[in-house]
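# Secondary and tertiary structure notes
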Amino acid sequence: MIFDFITDVVELAVAGIAATALTAVAAPLLIAAAVIDVAGKIIDKFSIRQEMKSKNIDNVIIQSINKSKNTIKFEDLDNNITYEMKGDGISDDLYEKMKITI
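Here is what the cut-offs are and how they apply
- Residues numbered from 1 in each chain as written.
- Predicted model: local features only at pLDDT ≥ 70, side-chain atom pairs only at ≥ 80, totals over all residues.
- Heavy atoms only, no water.
- Buried < 20%, exposed > 50% of the residue type's maximum accessible area, 1.4 Å probe, protein only.
- Helix = DSSP H or I, 4+ residues; strand = E, 2+ residues; numbered from the N terminus.
- Pairing = 2+ DSSP bridges.
- Arc of directions from axis to C-beta.
- Contact = heavy atoms within 4.5 Å.
- Salt bridge = Lys/Arg side-chain N within 4 Å of Asp/Glu carboxyl O.

## Here's the deal with the pairing of strand S4 (residues 71–76)
Burial runs high along S4: 5 of the 6 residues are buried. Taking the residues between adjacent antiparallel strands as the criterion, strand S3 (residues 59–66) and S4 are bridged by 4 residues, where Asn 70 takes a positive phi near 55 degrees. A loop of 4 residues connects S4 with strand S5 (residues 81–86), the two strands running antiparallel in sequence, and Asn 80 in this loop sits at a positive phi of about 55 degrees.

## Some points on unusual backbone geometry
Positive phi outside glycine occurs at Asn 80, with the angle close to 55 degrees. Overall, Asn 80 belongs to the exposed group, its relative accessible area being 56%. Located in the positive-phi region is Lys 97, a residue other than glycine, with phi close to 70 degrees. By the element assignment, Lys 97 lies in the loop between strand S6 (89–90) and strand S7 (99–101). Taking the relative accessible area as the measure of exposure, Lys 97 reaches 61% and is therefore exposed.

## Focus on helix H2 (residues 45–54)
For H2, every residue scored as buried is listed here: Ser 47, Ile 48, Glu 51 and Met 52. Along the long axis of H2, the arc covered by the buried residues comes to 145 degrees, so they all point the same way. Along H2, the residues that are exposed and aim more than 90 degrees away from the buried face are Phe 46, Lys 53 and Ser 54. Buried residues belonging to H2 abut strand S1 (34–37), strand S2 (42–43), S3, S4, S5 and S7. The first or second residue beyond H2 is Asn 56, which carries a positive phi of 55 degrees.

## Points about the pattern of salt bridges
By the definition in use, this model includes 3 salt bridges. We note a salt bridge from Asp 92 to Lys 67, for which the minimum N-O separation is 2.9 Å. Of the two residues, Asp 92 is situated in the loop between S6 and S7 and Lys 67 in the loop between S3 and S4; the sequence distance between them amounts to 25 residues. Its relative accessible area of 68% is what places Asp 92 among the exposed residues. Assessed through its relative accessible area of 45%, Lys 67 is described here as partly exposed. For the salt bridge of Glu 84 with Lys 73, the shortest nitrogen-to-oxygen distance reads 4.0 Å. A residue pair is termed long-range when its members are at least 10 positions apart, and Glu 84 in strand S5 and Lys 73 in strand S4 qualify at 11 residues. In this structure Lys 73 comes out as partly exposed when scored by relative accessible area, which is 33%.

All quantities given are derived from atomic positions and should not be read as evidence of function.
Put into structure tokens, the structure is as follows:
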């Protein structure tokens, strides 16, 4: 009877460790940026605002611009969700730390 109890406690502990490990691995994947592909377009304020409207976002801030990869990362200021847009180019009027609102 004690042996069964100890076995149950060990099984629960192992299950807890496995769940914790799974959460530690899965959580960063959930936080990763949502990728928006706007192939065939230059990323500019207008295209960012279109994406904001489609996702019901009111305020964003541009976190990074990578002109060699034609990507922009911006963060939804209300929900702290990061988005990454990929396009064929990036407008010169965009800059890091720029706030865009609707």
